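Working through the structure, step by step
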Amino acid sequence: MTEKEKMLLGKLYNASDAELQKELKRCRKLTRLFNNSTEEDIEYRSKLLKDLFGKVGENIFIEPTFRCDYGKNIYIGDNFVANYDCIILDVCKVEIGNNVMFGPRVSVFTAGHPIDADVRITGLEFGKEIKIGNNVWIGGNTVITPGVKIGDNVIIGAASVVTKDIEDNVIAVGNPCKILRKITEKDKIYWNKKKEEYFQD
């Protein structure tokens with residue numbers, strides 16, 4: 001089994017492996033080109049992101065700067081927005097659904113290191129997949145840790161540290177992130193009324 005295969009399966013692997021170093025270098029080049037592009041380079045940015053990611057849907061907008069490890073392990077649906085300074089450490093698969101919004105400085109970390117110091121200092125590391133559902137808004141300065149699944153129609157409050165799975169249709173916040181409340185029909189009625197008022201003005 002190659003080091004890349006071990007990495008993608010969540011096993012201990014050696015990140016200094018030649019194949020992985022080559023892929024890291026490719027990713028560094030694409031993210032450097034993306035981060036040094038200008039606001040006039042919309043089509044160029046779009047092409048770079050398509051080259052960078054494993055899958056990318058329609059209507060993707062990422063505000064530089066953006067960082068990731070490999071890129072090819074990131075799968076993004078339609079209508080994705082990431083504000084400034086997003087970081088995705090994708091040593092394992094990161095799956096992001098449709099209609100997802102990231103505030104500034106959102107960090108998504110699949111990467112982990114052994115708890116035992118003797119093993120950790122050998123340089124061996126591991127990862128765990130992260131999945132983010134549809135219609136999710138993640139507030140600024142949030143950190144999502146390895147192995148987490150976030151359900152559909154979820155809001156994560158700013159500066160949260162998400163260490164455990166979050167179910168569908170909730171607002172969650174804090175360090176560690178915990179469910180604050182369900183999103184209800186009352187929320188739907190309130191915000192649709194606000195939308196109607198907007199279009200009446």
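Conventions adopted
- Residues numbered from 1 in each chain as written.
- Predicted model: local features only at pLDDT ≥ 70, side-chain atom pairs only at ≥ 80, totals over all residues.
- Heavy atoms only, no water.
- Helix = DSSP H or I, 4+ residues; strand = E, 2+ residues; numbered from the N terminus.
- Rg over C-alpha atoms; globule rule 2.2 N^0.38 Å.
- Buried < 20%, exposed > 50% of the residue type's maximum accessible area, 1.4 Å probe, protein only.
- Contact = heavy atoms within 4.5 Å.
- Areas by Shrake-Rupley, 256 points an atom, 1.4 Å probe, with all protein chains shown as cover.
- Lys, Arg positive; Asp, Glu negative; His and termini not counted.
- Charge placed at Lys NZ, Arg CZ, Asp CG, Glu CD.
- Pairing = 2+ DSSP bridges.
- Core = buried A, V, L, I, M, F, W, Y, C linked by side-chain atoms within 4.5 Å.

**Structural notes on the overall build of the chain**
The helix and strand inventory of the chain stands at 5 helices and 20 strands. Computed over the C-alpha atoms, the radius of gyration of the chain is 18 Å, within 12% of the 17 Å expected from 2.2 N^0.38 for a compact globule of 201 residues. Summarising its shape, the C-alpha atoms of the chain cover approximately 60 × 40 × 25 Å along the three principal directions. Split into buried and exposed, the 201 residues of the chain put 37% on the buried side. Taking all contacts inside the chain whose residues are at least 6 apart in sequence as the whole, residues at least 24 apart take part in 26%. As displayed, the chain offers around 11600 Å² of accessible surface, 53% of which is attributable to carbon and sulfur atoms. Taken as two groups, the 30 positive and 30 negative side-chain charges of the chain have centres that lie 2 Å from each other.

**Section: the sheet that holds strand β11 (residues 111–112)**
One open sheet holds the 3 strands; their spatial order is β1-β12-β11, and the pairing between them is antiparallel. At either end of the open sheet lies a strand with only one pairing partner, and these are β1 (13–14) and β11. Strand direction decides the pairing type here: β1 and strand β12 (residues 124–127), joined by 2 bridges, are antiparallel. When the sheet's bridge partners are listed, N14 is paired in β12 with L124.

**Describing the nonpolar core**
Membership of the largest hydrophobic core comes to 37 residues, with the highest contact counts inside it found for F66, F102, I132 and I150. In contact with F102, not counting residues within four places along its chain, are F80, V81, A82, N83, C86, I96, V108, I132 and I138. Formed by 7 residues, the second largest nonpolar core is a distinct cluster that contains A15, L20, L24 and V91.

**What to know about the pairing of strand β20 (residues 178–182)**
Across 4 bridges, strand β19 (residues 170–173) lies against β20 in antiparallel orientation. Along β20, the bridge assignment pairs I171 with R181. Hairpin connection, β19 to β20: the antiparallel pair is bridged by 4 residues, and G174 has positive phi, about 115°.

**Quick look at the sheet that holds strand β8 (residues 94–96)**
Here we have 5 strands laid out as an open sheet, ordered β2-β5-β8-β13-β16, and parallel in their pairing. Each end of this open sheet is capped by a strand with a single partner; those strands are β2 (55–56) and β16 (149–150). One ladder, built from 3 bridges, connects strand β5 (residues 74–76) with β8; its direction is parallel. Paired with I76 across the bridge in β8 is I96.

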